[in-house]
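# Report on the structure
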Amino acid sequence: MNTYITHGDNAQNKRKLIIVSLVKILIGGAIYYMLETIARGYSHWTMFLLGGICFLSCGLINRWLDDEVSLWKKMVLCMIAITILEFITGIIVNVLLGWNIWNYSGMPLHILGQICVPFMFLWYIISYPALLLNKAFDSIAT
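In this text the structure is predicted, and so the values were computed from the model without any measurement. (Residues numbered from 1 in each chain as written. Predicted model: local features only at pLDDT ≥ 70, side-chain atom pairs only at ≥ 80, totals over all residues. Heavy atoms only, no water.)

## A word on the environment of Lys 73
Looking at the element boundaries, Lys 73 is found in helix 3 (residues 71-96). Expressed as a C-alpha distance, the spacing of Lys 73 and Thr 37, which sit 36 residues apart in the sequence, is 29 Å. (Helix = DSSP H or I, 4+ residues; strand = E, 2+ residues; numbered from the N terminus.)

Below, the structure written as structure tokens:
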């Protein structure tokens with residue numbers, strides 16, 4: 001577990017944790033928004049938020065599991081977390097709000113056009129640099 005949430009004044013630790021989490025959301029959101037813009041030619045502000053929350057989630061998984069848990073297992077957990085977050089976001093922004101930001105209906109093994117197996121594999125691959133970046137950021141933030 002990282003020292004920035006275990007040592008010192010409790011209120012100070014909470015503030016530092018909030019700041020670190022917000023910075024991670026900004027970093028993850030910016031990276032995902034940029035990657036999607038390069039791949040698709042455009043993105044949406046909700047993808048910035050989703051990318052940031054997914055990046056933060058990978059960092060939490062990495063922090064909660066000790067170094068004895070293999071990297072590939074952490075990557076599987078990140079893939080599952082990202083897929084769940086993508087499904088929830090898709091139901092809200094695409095189905096309930098009707099914004100039609102993405103639609104995987106043409107992809108194999110999709111659920112309601114919001115998630116699909118091919119993108120789950122992409123999330124698995126993307127989780128590797130997300131875990132490494134989170135670990136590097138945590139070492140700087142301590």
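## Considerations on the pattern of salt bridges
In total, this model carries 3 salt bridges according to the counting rule given. Note that Asp 138 and Lys 24 form a salt bridge whose closest N and O atoms lie 2.7 Å from each other. With Asp 138 in helix 4 (residues 117-141) and Lys 24 in helix 1 (residues 10-40), the pair connects residues that are 114 residues apart, well separated along the chain. The class for Asp 138 is buried, based on a relative accessible area of 5%. A residue is classified by how much of its surface remains accessible, and Lys 24, at 2% relative accessible area, is buried. Note that Lys 135 and Asp 67 form a salt bridge whose closest N and O atoms lie 3.6 Å from each other. With a gap of 68 residues between them, Lys 135 in helix 4 and Asp 67 in the loop between helix 2 (45-64) and helix 3 connect regions that are remote in the sequence. (Salt bridge = Lys/Arg side-chain N within 4 Å of Asp/Glu carboxyl O. Buried < 20%, exposed > 50% of the residue type's maximum accessible area, 1.4 Å probe, protein only.)

## Concerning the nonpolar core
Among the nonpolar cores identified, the biggest contains 19 residues, and Cys 58 and Trp 102 are the most heavily contacted of them. Taken together, the elements giving at least two residues each to this core come down to helix 2, helix 3 and helix 4. Other than its neighbours up to four places away in sequence, Cys 58 contacts Cys 78, Ile 82, Ser 127, Ala 130, Leu 131 and Asn 134. (Core = buried A, V, L, I, M, F, W, Y, C linked by side-chain atoms within 4.5 Å. Contact = heavy atoms within 4.5 Å.)

## Points about helix 2
For helix 2, spanning 20 residues, the distance from its first C-alpha to its last is 29 Å, which sits close to the expected 28 Å at 1.5 Å a residue. Across the 20 residues that make up helix 2, a large majority, 14, are buried. (Expected span 1.5 Å × (residues − 1).)

## Section: a nonpolar patch on the surface
Together, Trp 45, Leu 49, Ile 53, Leu 77, Ile 80, Ile 84, Ile 88, Ile 92, Val 95, Leu 96, Leu 97 and Trp 99 line one region of the surface with nonpolar side chains, adding up to about 1,100 Å² of accessible area. Of all the secondary structure elements, the ones that give two or more residues to the nonpolar patch are helix 2 and helix 3. Per element, the largest residue contribution to the nonpolar patch is 7 residues, and it comes from helix 3. With respect to the helices, strands and loops of the structure, Leu 97 is situated in the loop between helix 3 and strand 1 (110-111). (Patch = residues over 30% accessible without salt bridge, like charges linked within 9 Å, V, L, I, M, F, W, Y side chains within 5 Å. Areas by Shrake-Rupley, 256 points an atom, 1.4 Å probe, with all protein chains shown as cover.)

## With respect to the packing of helix 2 against helix 3
Following both chains from N to C, one finds helix 2 and helix 3 inclined at 150°, their axes separated by 9 Å at the closest point. Judged on the interaxial angle alone, helix 3 and helix 2 are roughly antiparallel. Remark: the crossing between helix 2 and helix 3 carries right-handed chirality. Contacts from Thr 46, Met 47, Leu 50, Ile 53, Cys 54, Ser 57, Cys 58, Ile 61 and Asn 62 of helix 2 reach helix 3 at Lys 74, Leu 77, Cys 78, Ala 81, Ile 82, Leu 85, Glu 86, Thr 89 and Val 93. (Axes fitted to C-alpha atoms, helices over the stretch in contact; angles between N-to-C directions. Parallel < 35°, antiparallel > 145°, perpendicular 65-115°, else oblique. Left-handed = near helix turned anticlockwise from the far one by under 90°.)

## Here's the deal with the packing of aromatic side chains
One pass over the full model with this rule turns up 5 aromatic pairs. A centroid spacing of 6.4 Å and a plane angle of 40° characterise the contact between Trp 102 and Tyr 104, whose relative ring orientation is tilted. Comparing Trp 102 with Tyr 104 shows no difference in burial state: the two are buried. Where Phe 119 meets Trp 123, the ring centres are 5.7 Å apart and the plane angle is 50°; that geometry is what we call tilted. Here Phe 119 pairs with Trp 123, and both are found in helix 4, just 4 residues apart, close to one helical turn. Residue class for Phe 119 comes out partly exposed when judged on its relative accessible area of 25%. In this structure an aromatic cluster arises from ring pairing among Tyr 32, Trp 102, Tyr 104, Phe 119 and Trp 123. (Phe/Tyr/Trp six-rings, centres within 6.5 Å; stacked < 30°, edge-to-face > 60°.)

None of this, on its own, says anything about what the molecule does.
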